[in-house]
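Tertiary structure, described
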Amino acid sequence: MELAVENKLVAKNILGTMADAGHEQVMYCQDKATGLKAIIAVHNTVLGPALGGTRFWNYTNEDEALRDVLRLSRGMTYKSAISGLNLGGGKAVIIGDPAKLKNEALMRRFGKFVDNLGGKYITAEDVGVDTRDMEFIRMETKHVTGLPEWMGGGGNPSPVTAYGVYMGIKAISNIAFGSDSLSGKTIGVQGTGHVGETVVKYLTKEGAKVFVTDINKERMANVAKEYGAEVVSDATEFLSRPMDIYSPCALGATINTKNLALLKCAAIAGAANNQLEDENLHGQMLIDRGIFYAPDFVINAGGIINVYSELLGYNREMALSSAEKIYDTITQIVKSARNQNLAPQLVAMHLAQERINQVATIRQTR
Ligand code: NAD
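Let me sum up the structure you'll find in this document. Because the structure is predicted, anything quoted here is derived from the model rather than measured. (Residues numbered from 1 in each chain as written. Predicted model: local features only at pLDDT ≥ 70, side-chain atom pairs only at ≥ 80, totals over all residues. Heavy atoms only, no water.)

1. Here's the deal with the overall build of the chain
This is how the line gets drawn: By definition, any uninterrupted DSSP run of H or I lasting at least four residues is a helix, any uninterrupted run of E lasting at least two residues is a strand, and each is numbered from the N terminus. Radius of gyration: over C-alpha atoms. The globule rule applied is 2.2 Å multiplied by the number of residues raised to the 0.38 power. Under the scheme applied here, a residue whose accessible area is under 20% of the maximum for its type counts as buried, over 50% as exposed, and between as partly exposed, the area being computed with a 1.4 Å probe on protein chains only. Contacts are assigned to residue pairs that have any heavy atoms within 4.5 Å of one another. Per-residue and other accessible areas follow the Shrake-Rupley method at a 1.4 Å probe size, with only the shown protein chains counted as cover for residues.
The helix and strand tally for the chain stands at 16 helices and 12 strands. Relative to its length of 366 residues, the chain is compact, with a C-alpha radius of gyration of 20 Å against a globular reference of 21 Å. Its C-alpha atoms give the chain principal-axis dimensions of roughly 55 × 50 × 45 Å. In the chain, which comprises 366 residues, the share counted as buried stands at 54%. For the chain, restricting intrachain contacts to residue pairs at least 6 apart in sequence, the fraction spanning at least 24 positions comes to 67%. Of the roughly 16,000 Å² that the chain leaves accessible, carbon and sulfur atoms contribute 51%.

What follows is the structure, given as structure tokens:
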């Protein structure tokens, strides 16, 4: 009963919330037969169709799912804009436990909803969703990327995301320590999933001392064993350990007041989306603590670069070479932020918005 009231209130405020963050459209989707409950958010389509993955997650309630999709879709707008791609920002969430709910019918039903948007929104993978799911979605709509290679796609974008994150970690190391060599650097990687694992691979290969944590103990142990990293199971112990670089590669909002009180690192650079619980408050706290920060939507753009390449005719080498430029973008933003005593996240958002505004003006002309 309480949940219904809460959801009613959210529904009542949703247009106001959308207006505050600048969202163009939010679509609620439900299908009793398959148990599908999803929300698709289109944040901005000035630069192009809104591209962003679908997250399948067991949210506590609809409010949490709505907040996530709104934040994630807005992040996609900035990510594509700062990466120079002709894409807008969108995202979808499917509510529920993928292990229990996910099947062909549900994913195809979701694909039909994506199709209803007529190309305004293009989907891809995110947490809880893989290339097989993209195949099912493709059976109902052409507005999908992250397809397997045999279907002309680029496969799972995680390796390209991880390569971009690795480039971002090297760039921030250069700023914080005067060298982009990671040999001997102590780096804590939180999350050993698709992206985290490959980040660990790059870091250990270069001689970094890596320790990892994950709520999935088996995965964490396997990754640590495979690449010679250390396991730190306890989340608080992980965050409290002195480290040169903290690399958040799990879910968002791990840079919050509680965790910042524990962290002893010179820099933060990782794959997770929406790392700052509060962009203004925690961005400022990082400046006050003298911690260099690689803005999440800049450093983790390898995935969107990879799926964008699918739209043009997929080429893995081109995608990796574009992701390599994340090194320069992070360097430019973090240095500029430091010179102006501003939070890197805000500097990156400003640059992204500037590009959107400029393109919006040329769109008005014939
Ligand atoms: P994934 O689901 O494969 O891996 C996430 C891992 O984090 C899992 O192993 C999970 O058990 C772990 N995890 C979850 N909560 C945790 C916690 N509280 N503490 C420690 N570990 C925890 O996802 P992924 O594809 O590797 O993506 C990781 C992050 O990077 C996500 O935030 C995602 O949105 C972001 N991202 C991914 C891509 C991509 O190409 N996959 C692109 C851009 C951004």
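Still more to cover.
2. Brief notes about the sheet that holds strand E8 (residues 209-213)
Our working rule: We treat two strands as partners when DSSP finds at least two bridges between them.
Strand order in the open sheet formed by six strands is E9-E8-E7-E10-E11-E12, and the pairing between neighbours is parallel. The open sheet terminates on both sides in strands that have one partner only, identified here as strand E9 (230-231) and strand E12 (292-293). Summarising the sheet, strand E10 (residues 245-248) and strand E11 (residues 267-268) pair through two bridges and their orientation is parallel. Residue pairing for E11: Ile245 is matched across the bridge by Ala267.

3. What about the site of the ligand?
Heads up, the rule is: Nearness here has a simple test: a residue counts as near a molecule or strand if at least one of its heavy atoms is within 4 Å of that partner. N or O atoms closer than or at 3.5 Å make up a polar contact, with two conditions inside protein: a donor-capable atom paired with an acceptor-capable one, and, for residues adjacent in sequence, both atoms drawn from side chains. Amino acids are sorted into nonpolar (Ala, Val, Leu, Ile, Met, Phe, Trp, Tyr, Cys and Pro), charged (Asp, Glu, Lys and Arg) and polar (every other residue, Gly among them). The source of the domain bounds is an automatic or database domain assignment.
Neighbouring residues of the ligand: 21 residues in total, closest Thr161, His194, Asp214, Ala250 and Asn273. In this structure, an oxygen atom belonging to the ligand sits 2.7 Å away from a side-chain N or O atom of His194. Within the complex, the protein chains bury 83% of what would otherwise be the 830 Å² of accessible surface of the ligand. Of all elements in the fold, only helix H6 (158-177) and helix H7 (194-205) reach the threshold of two or more residues within the shell around the ligand. Of the residues belonging to the shell around the ligand, the class tally is eight nonpolar, eight polar and five charged. Mapped onto the domain boundaries, the shell around the ligand takes at least three residues apiece from domain 1 (10-75 + 87-151) and domain 2 (158-352).

4. Examining the pairing of strand E4 (residues 54-57)
Let me state the cut-off plainly: The handedness rule is simple: strands pointing away from the viewer, and a clockwise path from the first strand over the helix to the second, make the crossover right-handed.
Bridge count for E4 against strand E5 (residues 88-95) is four bridges, and the pairing is parallel. Bridging from a neighbouring strand, Thr54 pairs with Ala92 of E5. Between the parallel pair E4 and E5, the chain is carried across by helix H2 (residues 62-82), and the sense of this crossover is right-handed.

5. Description of unusual backbone geometry
Of all residues except glycine, most have a negative phi; of all peptide bonds, most are trans. Look at Asn274: it is not a glycine, yet its phi comes out positive at around 50 degrees. Using a relative accessible area of 12% as the deciding quantity, one classes Asn274 as buried. A positive phi angle is found at Asn341, which is not glycine, with a value near 55 degrees. Relative to the assigned elements, Asn341 resides in the loop between helix H15 (326-340) and helix H16 (344-363).

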